[in-house]
Amino acid sequence: MSKIKLEIHHGGRLQLSPTIAYIGGKKDIYENFDPDSITVTDIAAFIIKECGYSNYSTIWYKFEVDDFSDIFVFEKDKDVMKILNTLQNNDCKVLQLFVEHEVDEEPEVVATASSTAPSLLTLTPQSQINDDIGEGQSHRMDDAAHQERTTNTGAIDPDKVDLTGCEFLDSDAEQPDLFFEDGGKGKRVPQDNGGEQRDGVAEQSGEASSILLPQYNDAYVSGWDGEAHSEYDDSDELVSLDGSSDDEANKRPRFKSFNEVTDFKKPINLEVGLKFANHQIYRQALKQYCIENGIVFKYKKNENKRITVICKKNCGWRIHAAKTHDGEAFQVKTFKGKDHNCGWEKDNRWVTSKWLAEKFVDNIKDTPDWSNTVFKNQVLRDHNVEVSRHQTYRVKRKAKKQVEGSHTEQFSKLWGYCAIIRKTNPGSTMKLKLENSCFQRMYCCLDPCKKGFLSACRPIICVDGCFLKGSFGGQLLTVVSKDGNENMYPIAYAGLQQVLESIGCDHRVCVRHLYANFKKLHKGKSLKDGLWNVCRATTMHIFKHHMSVLKSLHVDAHNWLTKYPANTWSKHTFSPRTKCDILQNNIAETFNSFILDARDKPIITMFEMIRGLLMQRFVAKKEGMENYRGPICPRIETKLERAKLESRNYIFYATGDGRFEVESPWKREVVDLNSRTCTCKCWDLTGIPCRHGVAAVYKMRRTLEEYVDLYYSTSTFLNAYSTTIGPVPGEEYWPPTNCNQILPPEYKTASGRPKKARKRAEDEPQNPFTNINTRKGVTTKCKNCGKPGHNYRSCKGPANPNRKIYKKKKKSKSTGEPSTEKKITTHPPN
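What you see is a predicted model; the values in this text were computed from it and never measured.

All right, on to the sheet that holds strand β18 (residues 330-336) then. Here we have five strands laid out as an open sheet, ordered β14-β18-β17-β16-β15, and antiparallel in their pairing. This sheet does not close on itself; its edge strands, each paired only once, are β14 (275-276) and β15 (297-302). Of the pairings in the sheet, the one linking β15 to strand β16 (residues 306-311) comprises five bridges and is antiparallel in character. The partner of Lys298 across the bridge, within β16, is Ile310.

What follows is the structure in structure tokens.
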């Protein structure tokens, strides 16, 4: 990045109202500043070193513009990223920093003389004095610097002051020995001069004046140990806005000011004279103070210039605050009944869901599934306040909105999100489909996923969709392949039906979903096993055998299966080019489970979570395989070990031209090592030697790894993950210019709590680790119509005339206990 010009404004103050401006102070300009050295720590050290300030509250930054409309706080690493991106993308050449001070940083020299001398004499700091010192010469100020300093500070010109009756120390005396015993290391030590030191000012005997030398001299700066030395270093009191003082020699502020950045993080202590930047911050502090002390207040006056609140129980507790005379701050004027004694109120109406969301946003971010009971107990422990169950729902919803963003607002930022993805990951494909300005579809294919699939993965993809759990619903369609270690390899995610229809490629049907439709009409374990045997057949002979068995079991089941082309669900018809014999779409289901936490988020947050998961997965897979020393992937090694055990009992005969006849007690196969094929077709379909091929390889005394397809080598695996997914800076995705406005899809938002669990079929086995005593997984049966799947409350069908009606138990008049008699009546048919 090219050099820039850095402007540092210091010594003044930042005015926030009525307009934003930096008043007073100085400006230092540094040409050819290297922007790569812009960090939070380096800038702070640079200001301390170059400007000489050891104490300041905030650093603001903006770029070279006329007004202060775009000024930001410089305090975190994300601010550094924003500065660097703006300097690079917008071709900015000037960066302006504004230092906001907590105390008056200008060192002063105060002289106290007799009644005939002036009461106050202010000199310039040591950094502005020409150190042209010689024998018999005292320090003298440069005329230009002296004039500038006098103009800026309004100090009295020392040359024009009547010094009659004043006695000053001789300039030839050794000043460091008089005032700093340790050579000027920042500690004031009283000397044996017949006087005593009081309130930071050394008092001399007789009529000699007391002088407080400035600390900004060369000896002090060179001996600085990195700590800010001050009379009030250990003070916990806040700093005044105006720096007024009752004592001219003691510059300690009269009133404290409220710092909204730091003071909201600790218990608030209100007192008379405490100043706030505006009435809004005062209201927030007052609200938090009352909650922390169990006070329920009500407004007696609530205006822009003054606010008066009293206790709701009228116990005498009262606090009044109003604007200061200059109108730049809000100050507490009166505070009665500071020790509130009318009891702690746990049902405080000021504990709103918005206030709780701001307090517990980090907790909810770390634990999204925080239960309502745990949350209520945490609020009670932290603030001694009780909240309702519905309030906890609102708090969690608002906190999640702060963390994840708004579902509706993120649709308007999709153009900008697509643009930033193309910029940070060149070659990526991002497409949007709109209809009447409403969102329809979005397609995302990151360039690293695309390159990794084309260079190192087998030519087979699995397509599946999953339902989204957000407010607008919808589906997320994903394309997943397999890497060399039989792991899932995500390629793209969006709507892809039209793409598959336009490409001439072979299709396979997931047999698990095929059987789900098959069992609706043909149930039974024997039919299930017959279907799977037909699908697993690798040769035509085995396929015909199992089809005949299925036909003998159930003719209708056989006829139902023949309606579907066999090349979509049986192994014997699969092409050996793909080197993959999978029958189920499990890897796509695995990916849907992999992104489960992102499926209920707003659209940009969801896409960013998926991108982050893929970025972490690429790094983890690459690092894991780099630590592995084998020539082929570990899962393939496991399959070869299993084939070794199965080939121990085979008898084989060599033909002399690389072919073998492998015989088992029940079958005979022919293996060709030159073409790496076997008549069982298992080697052809997968590229991994079958048990017959393993026996032939060992007969030739060769290593099995030589006959494994290159798709399964560790080098090929690393090629799939060699291109890393680039990071995306955390910035607002505002739409670029000349882009149509994107509105949310015209879906009806779902009401109630979104469901994350997948809907299981009626006869699908439930989780074996769940409690077996619960009714979860049990199919309900309606008492009204007799059909399964619903109860009588939601029944919309006709009533079953033969249904049983159970009458409610009546209490016995004599004993008062429920009667044990149960009557059942059956309605006769109409």
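This brings us to the sheet that holds strand β1 (residues 4-10). Within a sheet, each strand pairs with its neighbour through backbone hydrogen bonds, oriented either parallel or antiparallel. As summarised here, the arrangement of the five strands in space is β4-β1-β7-β5-β6, forming an open sheet in which the pairing is mixed. Only two strands of the sheet have a single partner each, and these edge strands are β4 (26-33) and β6 (72-73). Two strands pair when backbone bridges link them, and strand β5 (residues 58-63) and strand β7 (residues 94-100) are joined in this way by six bridges, in the antiparallel orientation. Its bridge partner being in β7, Lys62 is matched across the sheet by Gln96. Strands β1, β5, β6 and β7 of the sheet are contacted by helix α2 (residues 77-89), whose axis makes an angle of about 20 degrees with β5.

As a further point, take the nonpolar core. When a protein is soluble and globular, its nonpolar side chains tend to lie buried together. Membership of the largest hydrophobic core comes to 75 residues, with the highest contact counts inside it found for Leu414, Tyr417, Met442 and Ile610. Among the elements that make up this core, the one with the highest residue count is helix α19 (residues 603-626) (eight residues). Aside from chain neighbours lying at most four places away, what touches Tyr417 is Met430, Met442, Ile604, Phe607, Glu608 and Tyr733.

Bringing the packing of aromatic side chains into the picture now. Scanning the entire structure with this criterion turns up 30 aromatic pairs. Ring plane angle 80 degrees and centroid distance 5.4 Å describe the contact between Phe360 and Phe375, whose orientation is recorded as edge-to-face. A residue pair is termed long-range when its members are at least 10 positions apart, and Phe360 in the loop between α7 (353-359) and α8 (361-366) and Phe375 in helix α9 (residues 372-383) qualify at 15 residues. Like Phe360, the residue Phe375 is buried in the burial classification. Taking 5.5 Å as the distance between ring centres and 55 degrees as the angle between the ring planes, the aromatic pair formed by Tyr493 and Phe607 counts as tilted. Here Phe607 lies in helix α19 and Tyr493 lies in strand β23 (residues 488-493), a separation of 114 residues in the sequence. Of the two residues examined, Tyr493 and Phe607, each falls in the buried class. Every member of this aromatic cluster is reached through a ring pair, and the members are Phe258, Phe264, Phe276, Tyr282 and Phe330. Here Arg617 stacks its cationic end above the ring of Phe594, 5.8 Å away from the centre of that ring.

The full count for this structure, using the stated rule, is 20 salt bridges. Between Lys571 and Asp581 there is a salt bridge; the shortest N-O distance is 3.2 Å. In this pair, Lys571 sits in the loop between α17 (555-562) and α18 (586-594) while Asp581 sits in the loop between α17 and α18, placing the two residues ten residues apart along the sequence. With relative accessibility at 23%, the residue Asp581 sits in the partly exposed group. As a salt-bridge pair, Arg668 and Glu661 come within 3.6 Å of each other at their nearest N and O atoms. Accessibility expressed as a relative area gives 28% for Glu661, which makes it partly exposed. One salt-bridge network, held together by shared partners, links Arg458, Lys482, Glu486 and Lys639.

Turning next to the side chain of Arg611. With respect to the element layout, Arg611 can be found in helix α19. For Arg611, a relative accessible area of 6% puts it in the buried group. At 3.4 Å, the side chain of Arg611 forms a polar contact with the backbone oxygen of Gly726. When neighbours within four sequence positions are excluded, Arg611 is seen to be in contact with Ile421, Leu446, Tyr493, Ile725, Gly726, Pro727 and Val728.

The residues that UniProt annotates with the feature "domain: CCHC-type" (unreviewed entry) are residues 781-796. For residues 781-796, helix accounts for 0% and strand for 0%, while the C-alpha atoms at its two ends are 14 Å apart.

A few words on the packing of helix α15 (residues 525-536) against helix α16 (residues 540-553). One way to put it is that α15 packs onto α16 with a least axis distance of 9 Å and a crossing angle of 160 degrees. Relative to α16, the element α15 is oriented roughly antiparallel. Where α15 crosses over α16, the two elements pack in a sense that is left-handed. On α16, the residues that touch Ser526, Leu527, Gly530, Leu531, Asn533 and Val534 of α15 are Phe543, His546, Met547, Leu550 and Leu553.

Reading the values: the criteria
Residues numbered from 1 in each chain as written. Predicted model: local features only at pLDDT ≥ 70, side-chain atom pairs only at ≥ 80, totals over all residues. Heavy atoms only, no water. Pairing = 2+ DSSP bridges. Helix = DSSP H or I, 4+ residues; strand = E, 2+ residues; numbered from the N terminus. Contact = heavy atoms within 4.5 Å. Axes fitted to C-alpha atoms, helices over the stretch in contact; angles between N-to-C directions. Core = buried A, V, L, I, M, F, W, Y, C linked by side-chain atoms within 4.5 Å. Buried < 20%, exposed > 50% of the residue type's maximum accessible area, 1.4 Å probe, protein only. Phe/Tyr/Trp six-rings, centres within 6.5 Å; stacked < 30°, edge-to-face > 60°. Lys NZ or Arg CZ within 6 Å of the ring centre and 35° of its normal. Salt bridge = Lys/Arg side-chain N within 4 Å of Asp/Glu carboxyl O. Polar contact = N/O pair within 3.5 Å; in protein donor to acceptor, adjacent residues only side chain to side chain. UniProt positions renumbered as here; feature names shortened; annotations may be inferred. Parallel < 35°, antiparallel > 145°, perpendicular 65-115°, else oblique. Left-handed = near helix turned anticlockwise from the far one by under 90°.

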